[in-house]
Amino acid sequence: MPKAKIVQAVQLLDLMLEHFADDGHWTHGRYDDGNGGHCLVGALLHLSRKHRLPRAPAIALLQDAMPRPGLPLVHFNDTCCGSLAELRSVILKARSLAHDHAEQDRAAAAVRMWLFAKIEKKRPAPSADIADTAPDEPFVPERLAA
C-alpha cells in the first residue's frame with residue numbers, strides 16, 4: 001500500500017476512534033440510527049465522505065484486523081462485537097497494522113536500493129572508445145545449407 005494511502009487510512013481510523021469515543025455513537029443492525037450513531041461500516045462511510053478520505057485502504061486494514069480471517073465488517077459489528085471497547089480495539093489493531101505496512105515498505109525500499117547498488121558495482125565500466133568494443137575480425141556471413 002503506498003505511503004499516502006496509509007496516511008489517509010490512519011486519518012480515517014483516527015476519526016473513527018473519535019466518533020466511537022462513547023456508546024451513544026455506536027449502533028447495531030443499521031448503518032445510521034438517525035441520531036448520530038453509526039455501525040462500524042456506517043461510520044467509515046460517513047466519515048470518509050465528510051472528510052474526503054478514501055475508504056478502501058481503511059476497509060482493507062479493518063478486514064486484516066478482524067478476529068477471524070474473512071469475517072465481514074457488518075457481521076462483526078452486528079453479531080460478534082460485544083462492546084464498544086472491542087470495536088475500538090479492532091480499529092486500534094487496524095491502525096497498528098497500517099504502521100506495520102509502512103515499515104515493510106521502508107524495508108523493501110532499502111533492500112531494493114542495496115540490490116541496485118550491488119548490480120551497479122558488478123557491471124563493467126562503459127568503454128570510452130567505440131573501437132574498443134568493435135570485433136577484431138571483419139564480419140563474414142556463413143552460407144546456410146539448403
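Structure: above.
In this numbering scheme, every chain counts its residues from 1 along its sequence in written order. Two thresholds apply to this predicted model, a pLDDT of at least 70 for residue-level local features and 80 or more for giving and counting side-chain atom pairs, whereas whole-chain, interface and lining totals are computed over all residues. Neither water nor hydrogens contribute to the side-chain values; these are computed over all heavy atoms in the structure.

**Q** Got a sec to walk through the overall build of the protein? Specific residues and values, please.
**A** On a plain count of helices and strands, the protein comes out with five helices and zero strands. N-terminal to C-terminal, the α/β element order of the protein is α-α-α-α-α. Only protein chains enter the accessibility calculation, which uses a 1.4 Å probe; a residue is then buried when its area is under 20% of its type maximum, exposed when over 50%, and partly exposed in between. The buried share among the 146 residues of the protein stands at 29%. Long-range contacts, defined here as pairs at least 24 residues apart, represent 63% of the contacts in the protein between residues at least 6 apart. Areas reported as accessible are Shrake-Rupley estimates using a 1.4 Å probe. Residue values count occlusion only from the protein chains shown. Only carbon and sulfur atoms are counted for the fraction: they give 58% of the accessible area of the protein, which is about 10100 Å². Numbered from the N terminus, helices here are DSSP runs of H or I no shorter than four residues, and strands are runs of E no shorter than two. Throughout, a contact is declared for two residues whenever any of their heavy atoms are within 4.5 Å.

**Q** So, the side chain of His19: which residues are in play, and what are the values?
**A** Counting through the fold element by element, His19 comes out in helix α1 (residues 3-19). When its relative accessible area of 12% is taken as the criterion, His19 is described as buried. The contacts of His19, once residues within four sequence positions are left out, are His25, Gly36, His38, Ala43 and Leu47.

**Q** How would you summarise the packing of α1 against helix α2 (residues 40-51) if you had to cite specific residues and measurements?
**A** Geometry is summarised by axes, namely lines fitted to C-alpha atoms with helices restricted to the contacting stretch, and by angles between N-to-C directions that run from 0 to 180 degrees. At a minimum axis separation of 10 Å, α1 and α2 run at an interaxial angle of 120°. Taken together, α1 and α2 sit at an angle that is classed as oblique. Pair α1 / α2 crosses with right-handed handedness. Residues Leu12, Leu15, Met16 and His19 of α1 form the contact with α2, whose participating residues are Leu40, Ala43, Leu44, Leu47, Ser48 and His51. Gly falls in the polar group here, along with every residue not listed as nonpolar (Ala, Val, Leu, Ile, Met, Phe, Trp, Tyr, Cys, Pro) or charged (Asp, Glu, Lys, Arg). Among the residues forming the contact of α1 with α2, the class breakdown is seven nonpolar, three polar and no charged. Note on angle classes: values under 35 degrees are labelled roughly parallel, values over 145 roughly antiparallel, values of 65 to 115 roughly perpendicular, and the remainder oblique. A clockwise turn of the near helix away from the far one marks a right-handed crossing, whereas an anticlockwise turn of less than a right angle marks a left-handed crossing.

**Q** Describe in detail the nonpolar core, supporting the description with residues and values.
**A** Ranked by size, the top nonpolar core spans 33 residues in total, and within it Met16, Leu40, Leu62, Leu87 and Ile91 carry the most contacts. Mapped by element, the contributors of at least two residues to this core are α1, α2, α3 (56-65), α4 (73-80) and α5 (84-122). Counting residues per element, this core draws most heavily on α1, which supplies eight residues. Aside from chain neighbours lying at most four places away, what touches Leu62 is Leu13, Met16, Leu40, Leu44, Leu73, Val90, Ile91 and Ala94. The definition of a nonpolar core used throughout is a set of buried Ala, Val, Leu, Ile, Met, Phe, Trp, Tyr and Cys residues joined through side-chain atoms within 4.5 Å.

**Q** How would you summarise α3 if you had to cite specific residues and measurements?
**A** Along α3, the residues that are buried comprise Pro57, Ala58, Leu61, Leu62 and Ala65. Looking down the long axis of α3, one finds its buried residues gathered within 135° of arc, a one-sided arrangement. Note that the arc is computed from the directions linking the helix axis to the C-beta atoms.

**Q** Explain a nonpolar patch on the surface to me, using residue names and the numbers behind them.
**A** Here the term patch refers to residues with relative accessible area over 30% and no salt bridge, with like charges joined within 9 Å and nonpolar side chains (Val, Leu, Ile, Met, Phe, Trp, Tyr) within 5 Å. A carboxyl oxygen of Asp or Glu within 4 Å of a side-chain nitrogen of Lys or Arg is what we treat as a salt bridge. The grouping of Val111, Trp114 and Leu115 at the surface amounts to a nonpolar patch, some 310 Å² of accessible area in total. Assignment of secondary structure puts Leu115 in helix α5. Overall, the relative accessible area of 41% leaves Leu115 in the partly exposed class.

Function cannot be read off these values alone, since they describe shape.
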